[in-house]
Amino acid sequence: MDIFFIKAVSLGDLEKVLISHDGAGPGSGWFLDKIVIKHKEGEEAQEVVFPCNRWLDEYQDDGKTERELTANKDGSSMKTFLRGKSCFPTILFYTIIFAV
């Protein structure tokens, strides 16, 4: 599992994300379970989940190395919650990638 933290400006309410790689080098493909983006302003934080459950690999699945993912809006994965003081940056992005 890989986790990436990126500080960024506010992007507002996200509905879609585009993720890809260039396919360079042997074994460059990978399986993407989901992307989770956390946005924190003050005491309130929002978490948005973009499920994928697909390969980004030219030799696996449908051969695509680019995916456009839509936010899961069923309420279980897109939620707003309150926290006390935190050391997290204002915007916190992390991607969970499972390489198989």
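Residues numbered from 1 in each chain as written. Predicted model: local features only at pLDDT ≥ 70, side-chain atom pairs only at ≥ 80, totals over all residues. Heavy atoms only, no water.

- As recorded in an unreviewed UniProt entry, the protein chain goes by the name LOXH1 protein, listed as coming from Bombycilla garrulus.

## Comments concerning the packing of aromatic side chains
- Counted under the stated rule, the structure contains one aromatic pair.
- Taking the centre distance of 5.7 Å and the plane angle of 70° together, the rings of F31 and W55 count as edge-to-face. Of this pair, F31 sits in strand 2 (residues 30-41) while W55 sits in strand 3 (residues 44-56); the two residues are 24 residues apart in sequence, bridging distant segments of the chain.
- In this structure W55 comes out as buried when scored by relative accessible area, which is 17%. (Phe/Tyr/Trp six-rings, centres within 6.5 Å; stacked < 30°, edge-to-face > 60°. Helix = DSSP H or I, 4+ residues; strand = E, 2+ residues; numbered from the N terminus. Buried < 20%, exposed > 50% of the residue type's maximum accessible area, 1.4 Å probe, protein only.)

## Describing a nonpolar patch on the surface
- A surface patch of nonpolar side chains, about 360 Å² in accessible area, is lined by M1, I3 and F5.
- Assignment of secondary structure puts M1 in the segment before strand 1 (16-20).
- You can call M1 exposed: its relative accessible area is 63%. (Patch = residues over 30% accessible without salt bridge, like charges linked within 9 Å, V, L, I, M, F, W, Y side chains within 5 Å. Areas by Shrake-Rupley, 256 points an atom, 1.4 Å probe, with all protein chains shown as cover. Salt bridge = Lys/Arg side-chain N within 4 Å of Asp/Glu carboxyl O.)

## So, the pattern of salt bridges
- What the rule picks out here adds up to six salt bridges.
- The residue K16 makes a salt bridge to E68 at a minimum N-O spacing of 3.3 Å. With K16 in strand 1 and E68 in strand 4 (residues 66-70), this residue pair connects regions lying 52 residues apart in the sequence.
- Given a relative accessible area of 51%, E68 falls into the exposed group.
- A salt bridge links D62 to R54; the nearest nitrogen and oxygen atoms lie 3.1 Å apart.
- Connected through salt bridges with shared partners, the residues R54, D61, D62 and R67 form a single ionic network.

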